Amino acid sequence: MAIKMIITDLDGTFYHRDLSFDKEKFNYLFKQMQANDIKFVVASGNQYYQLCSFFEDRDLMTFVSENGGLIISENKEIFSLTIEKELYLKTLKLLNDLKHLEMIVICGKNYAYMPTNTKPEDFAMIKNYFPRLKYCDDLSLIDDQIIKFAFITKEDKADETAQILNAKLDSSLTAITSGNVCVDIIVKGMHKGRAITQLMEQWNINYDEIMAFGDAFNDLEMLKLAKYGFVMKNGHEKLKEEIGLVCPYTNEEDGVLMMIEEYFKDPNKFLIKYQHDRN
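Asker: Quick rundown of the overall build of the protein? Include the residues and the values.
Answerer: Of regular secondary structure, the protein possesses 10 helices and 13 strands. Radius of gyration (C-alpha) of the protein: 18 Å, near the 19 Å computed for a compact globule of 279 residues. For the protein, the spread of C-alpha atoms along the principal axes amounts to about 55 × 35 × 35 Å. Within the protein, the fraction of its 279 residues that count as buried is 53%. A separation threshold of at least 6 residues defines the contact pool for the protein, and within that pool the share at least 24 residues apart is 59%.

This is the structure in structure tokens:
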């Protein structure tokens, strides 16, 4: 048995707080992945154009963006979803009445959009994660394929806000947290795990051939699909309890790269050391 797919989230998992990582080590390890026919997949709630911007060999990689809403593999679109107009407008009205909402991002296939009254410093911050970002006078008139909603809440209000939303949202949508202030609204069932399942079927890869890394609850379904699914040392404590397998390093320590490096040094030893039964 050997690993055939390595999946990683980015925020709080792969790169540091300043969006950096050890590129020299990654490029060396990626060459080993290529030599061993291992698929490398980046799975994040962020925009595709942000995800691919970090990697020199992006044409050889697969990107699951928008929490599974858009999959692009080796520059080819594999899947994209659409939130229909009527449901989009209904949800937008609900968000406008939300008490804890700090800022909102509408995530389209081509661009992300923020209201024109967004503070310039907030717009600049969000642009780090959604490089194709536009101001919009009226969010109800966006002419794009809408994939999901993303927004920032007041400090430590993400879990509470998601619970409030899930009691009010249309049954076809769900709110998930991705940190203590970030919440996404996605089509129910259209999460990172669904996207990874599609890739597993396409590439004929099994549960025990996957290594995955995440830190927040939007990684839950994805991590459950991997026998070697690790929650980062800095990850959500409840997620650690749910998954049970914890990476001994944080994202600031390049934990993902450390684990991939350990695997390549002695694959059999790694697989025995970290084998974990979640049943």
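Having seen it, we continue.
Asker: Please set out the packing of helix 9 (residues 255-265) against helix 10 (residues 267-274) residue by residue, giving values where relevant.
Answerer: For the pair helix 9 and helix 10, interaxial distance at closest approach is 5 Å and the crossing angle is 120°. One element, helix 9, and the other, helix 10, form an angle in the oblique class. Counted together, Met-259, Glu-262, Tyr-263, Phe-264 and Lys-265 of helix 9 and Pro-267, Phe-270, Leu-271, Lys-273 and Tyr-274 of helix 10 form the full contact between these two elements. Of the residues in the contact of helix 9 with helix 10, the class split is 7 nonpolar, no polar and 3 charged.

Asker: Can you explain the sheet that holds strand 7 (residues 112-115)? Please cite residues and give values.
Answerer: Spatially, 8-7-6-9-11-10 is the arrangement adopted by the 6 strands of the open sheet, whose pairing is mixed. The strands lining the two open edges of the sheet, one partner per strand, are strand 8 (133-136) and strand 10 (173-177). When strand polarity is set aside, the average angle formed by the axes of neighbouring strands in this sheet is 25°. The pairing of strand 6 (residues 101-108) with strand 9 (residues 146-153) spans 7 bridges and is classified as antiparallel. Pairing of Val-105 across the sheet is with Ala-150, part of strand 9. Helix-sheet contacts for helix 4 (residues 120-127) involve strand 6, strand 7, strand 8 and strand 9, and the interaxial angle to strand 8 is about 145°. Sitting on the sheet, helix 5 (residues 158-166) is in contact with strand 9, strand 10 and strand 11 (182-187), with an inclination near 170° to strand 10.

Asker: Tell me about the packing of aromatic side chains, residues and numbers included.
Answerer: The way to describe two aromatic rings as a pair is by their centre distance and the angle between their planes. Taken as a whole, this structure holds 23 aromatic pairs when the rule is applied. With a centroid separation of 6.2 Å and 75° between ring planes, the pair formed by Phe-30 and Phe-40 is classed as edge-to-face. With a gap of 10 residues between them, Phe-30 in helix 1 (residues 23-35) and Phe-40 in strand 2 (residues 39-43) connect regions that are remote in the sequence. Each of the two residues, Phe-30 as well as Phe-40, counts as buried. Taken together, a centroid distance of 6.2 Å and an interplanar angle of 45° make the contact between Phe-55 and Phe-63 tilted. With respect to class, Phe-55 is no different from Phe-63; both count as buried. One aromatic cluster is present, formed by Phe-14, Phe-21, Phe-26, Phe-30, Phe-40, Tyr-48, Tyr-49, Phe-55 and Phe-63 through successive ring pairs. In this arrangement the basic side chain of Arg-132 is found over the ring face of Tyr-49, its NZ or CZ atom lying 3.9 Å from the centre. The cationic tip of Arg-194 hangs over the ring face of Phe-79; the distance from NZ or CZ to the ring centre is 4.1 Å.

Asker: If you had to explain the layout of surface pockets to someone new, which residues and values would you point to?
Answerer: Put simply, the second largest pocket is a space of about 310 Å³. As for the second largest pocket, its lining consists of 17 residues, and the residues nearest its centre are Ala-162, Ala-175, Ile-176, Thr-177 and Phe-217. Looking at the lining of the second largest pocket, the elements that each hand over two or more residues are helix 5, strand 10, strand 11 and helix 7 (220-224). Broken down by class, the residue content of the lining of the second largest pocket amounts to 7 nonpolar, 7 polar and 3 charged.

Asker: Outline helix 4, listing residues and values.
Answerer: For helix 4, the complete set of buried residues consists of Asp-122, Phe-123 and Ile-126. Burial along helix 4 is one-sided: seen end-on, the buried residues are contained in an arc of 100°. Counted as exposed and oriented over 90 degrees from the buried face of helix 4: Pro-120 and Glu-121.

What counts, and at which threshold
- Residues numbered from 1 in each chain as written.
- Predicted model: local features only at pLDDT ≥ 70, side-chain atom pairs only at ≥ 80, totals over all residues.
- Heavy atoms only, no water.
- Helix = DSSP H or I, 4+ residues; strand = E, 2+ residues; numbered from the N terminus.
- Rg over C-alpha atoms; globule rule 2.2 N^0.38 Å.
- Buried < 20%, exposed > 50% of the residue type's maximum accessible area, 1.4 Å probe, protein only.
- Contact = heavy atoms within 4.5 Å.
- Axes fitted to C-alpha atoms, helices over the stretch in contact; angles between N-to-C directions.
- Parallel < 35°, antiparallel > 145°, perpendicular 65-115°, else oblique.
- Nonpolar A, V, L, I, M, F, W, Y, C, P; charged D, E, K, R; others polar.
- Pairing = 2+ DSSP bridges.
- Phe/Tyr/Trp six-rings, centres within 6.5 Å; stacked < 30°, edge-to-face > 60°.
- Lys NZ or Arg CZ within 6 Å of the ring centre and 35° of its normal.
- 1 Å grid on protein atoms, 1.4 Å probe; cavity = no way out; pocket = protein on both sides within 12 Å on 5 of 7 lines; lining within 4 Å.
- Points joined across faces, edges and corners; volume = space filled by probe spheres on them.
- Arc of directions from axis to C-beta.

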